[in-house]
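For reference, the chains in residue letters:
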Amino acid sequence: MFDSSSFAKGYAIVAMTIVALIVVGIIIRDIRNARMKSYIEKNGIHTHAEIVNIEIHTGKISEYTNVKLHYRFNDYNGRNVTGVGNAVIFTSDLAQYQPGKTFGIIYNKDEPSRVVLKIENASLKRHK
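Residues numbered from 1 in each chain as written. Predicted model: local features only at pLDDT ≥ 70, side-chain atom pairs only at ≥ 80, totals over all residues. Heavy atoms only, no water.

Undergrad: Mind laying out a nonpolar patch on the surface, listing which residues take part and the relevant values?
TA: Taken together, the side chains of Val14, Ile18, Ile22 and Ile26 present a nonpolar region at the surface, about 340 Å² in accessible area. Relative to the elements of secondary structure, Val14 occurs in helix 1 (residues 4-43). (Patch = residues over 30% accessible without salt bridge, like charges linked within 9 Å, V, L, I, M, F, W, Y side chains within 5 Å. Areas by Shrake-Rupley, 256 points an atom, 1.4 Å probe, with all protein chains shown as cover. Salt bridge = Lys/Arg side-chain N within 4 Å of Asp/Glu carboxyl O. Helix = DSSP H or I, 4+ residues; strand = E, 2+ residues; numbered from the N terminus.)

And the structure:
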C-alpha cells in the first residue's frame, strides 16, 4: 500500500515543478521583452507623445512616485495611437507629467502600439 510519506513526496515534486515552470516562464518573458525593447530602441521611430491622463501611485519612499501615463501620438502615417505606460519619476518632477504635456517615446514602425518610453527611471539615478 501507499503510505503518507510517498504522497507527501509526490505533492512536493508537483509543487516544485509548478514553481520551476513559473520561474522559467517569467525569465523567458523578461528576455523577450528586453529583446523587443532593444530592437525598438535601435530601429524605432522617435517622437513625442501627449499625456492624456496620469495615475499616481506613491510608495513608501516619498522621493519617488510611480506613475501610469495614458498617452497618445500620431504615427508616421498620421494615425492616432493611444497607449499606457509606467514610469518611476522624482516626486518633485510631477508637474512635468500632467495632461497636455509631452514626453519622448520610441515606437516600432511596423507595430506602433509597441512603445518604449524615454523616461529615465528615477530610482536608478541621483536627484540633482
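Undergrad: Tell me what's going on with the environment of Lys68, and back it up with residues and numbers.
TA: Counting through the fold element by element, Lys68 comes out in strand 2 (residues 64-74). Sequence separation between Lys68 and Ile45 is 23 residues; the distance between their C-alpha atoms is 22 Å. In contact with Lys68, not counting residues within four places along its chain, are Asn53, Ile54, Glu55, Val84, Gly85 and Asn86. (Contact = heavy atoms within 4.5 Å.)

Undergrad: Give a description of the sheet that holds strand 4 (residues 102-107) that names residues and reports values.
TA: Spatially, 3-2-1-4-5 is the arrangement adopted by the five strands of the open sheet, whose pairing is antiparallel. At either end of the open sheet lies a strand with only one pairing partner, and these are strand 3 (80-90) and strand 5 (115-117). Across the sheet, the axes of successive neighbouring strands diverge by a mean angle of 40 degrees, strand direction being ignored. Inspection of the sheet shows strand 1 (residues 45-58) paired to strand 2 by eight bridges, in the antiparallel sense. For His57, the partnering residue across the bridge sits in strand 2 and is Asn66. (Pairing = 2+ DSSP bridges. Axes fitted to C-alpha atoms, helices over the stretch in contact; angles between N-to-C directions.)

Undergrad: Lay out the nonpolar core in plain terms, naming residues and giving numbers.
TA: When a protein is soluble and globular, its nonpolar side chains tend to lie buried together. Formed by 16 residues in total, the largest nonpolar core has its most connected members in Leu69, Phe73, Tyr97, Phe103 and Ile119. Elements supplying a minimum of two residues to this core: strand 1, strand 2, strand 3 and strand 4. For this core, the element with the highest residue contribution is strand 2, accounting for four residues. Excluding its chain neighbours within four sequence positions, the residues that come into contact with Tyr97 are Ile51, Ile54, Leu69, Ile89 and Ile119. (Core = buried A, V, L, I, M, F, W, Y, C linked by side-chain atoms within 4.5 Å. Buried < 20%, exposed > 50% of the residue type's maximum accessible area, 1.4 Å probe, protein only.)

Undergrad: Hey, could you go over the environment of Gly100 for me, with residue numbers and the actual values?
TA: Along the polypeptide, Gly100 turns up in the loop between strand 3 and strand 4. The spacing of Gly100 and Asn33 is 67 residues in sequence and 29 Å in space, taken between C-alpha atoms. When neighbours within four sequence positions are excluded, Gly100 is seen to be in contact with Glu50 and Ile51.

Undergrad: Just give me the short version of the pattern of salt bridges, but keep the residues and values in it.
TA: Applying the stated rule across the entire model yields four salt bridges. Among the ionic pairs, Asp30 bridges to Arg29, the shortest N-O distance being 3.4 Å.

Undergrad: Describe the packing of aromatic side chains, with residues and values.
TA: How two aromatic rings sit relative to each other is set out by the distance from centre to centre and by the angle between their planes. Per the stated rule, a full pass over the model turns up four aromatic pairs. A ring pair is formed by Tyr71 and Phe103, whose centres lie 5.8 Å apart and whose planes are at 90 degrees; its orientation type is edge-to-face. Linking Tyr71 in strand 2 with Phe103 in strand 4, this pair joins segments that are 32 residues apart in sequence. Both residues of the pair, Tyr71 and Phe103, belong to the buried class. Ring geometry for Phe73 against Tyr107: centres 5.0 Å apart, planes inclined by 35 degrees, an arrangement best described as tilted. In this pair, Phe73 is assigned in strand 2 and Tyr107 in strand 4, connecting sequence segments 34 residues apart. Summarising the burial analysis for this pair, Phe73 and Tyr107 share the class buried. Here the aromatic cluster, defined as three or more aromatic residues joined through ring pairs, consists of Tyr71, Phe73, Phe103 and Tyr107. Over the ring of Tyr76 we find Lys109; its NZ or CZ atom is 5.0 Å from the centre of that ring. (Phe/Tyr/Trp six-rings, centres within 6.5 Å; stacked < 30°, edge-to-face > 60°. Lys NZ or Arg CZ within 6 Å of the ring centre and 35° of its normal.)

The quantities given are spatial measurements derived from coordinates; they are silent on function.
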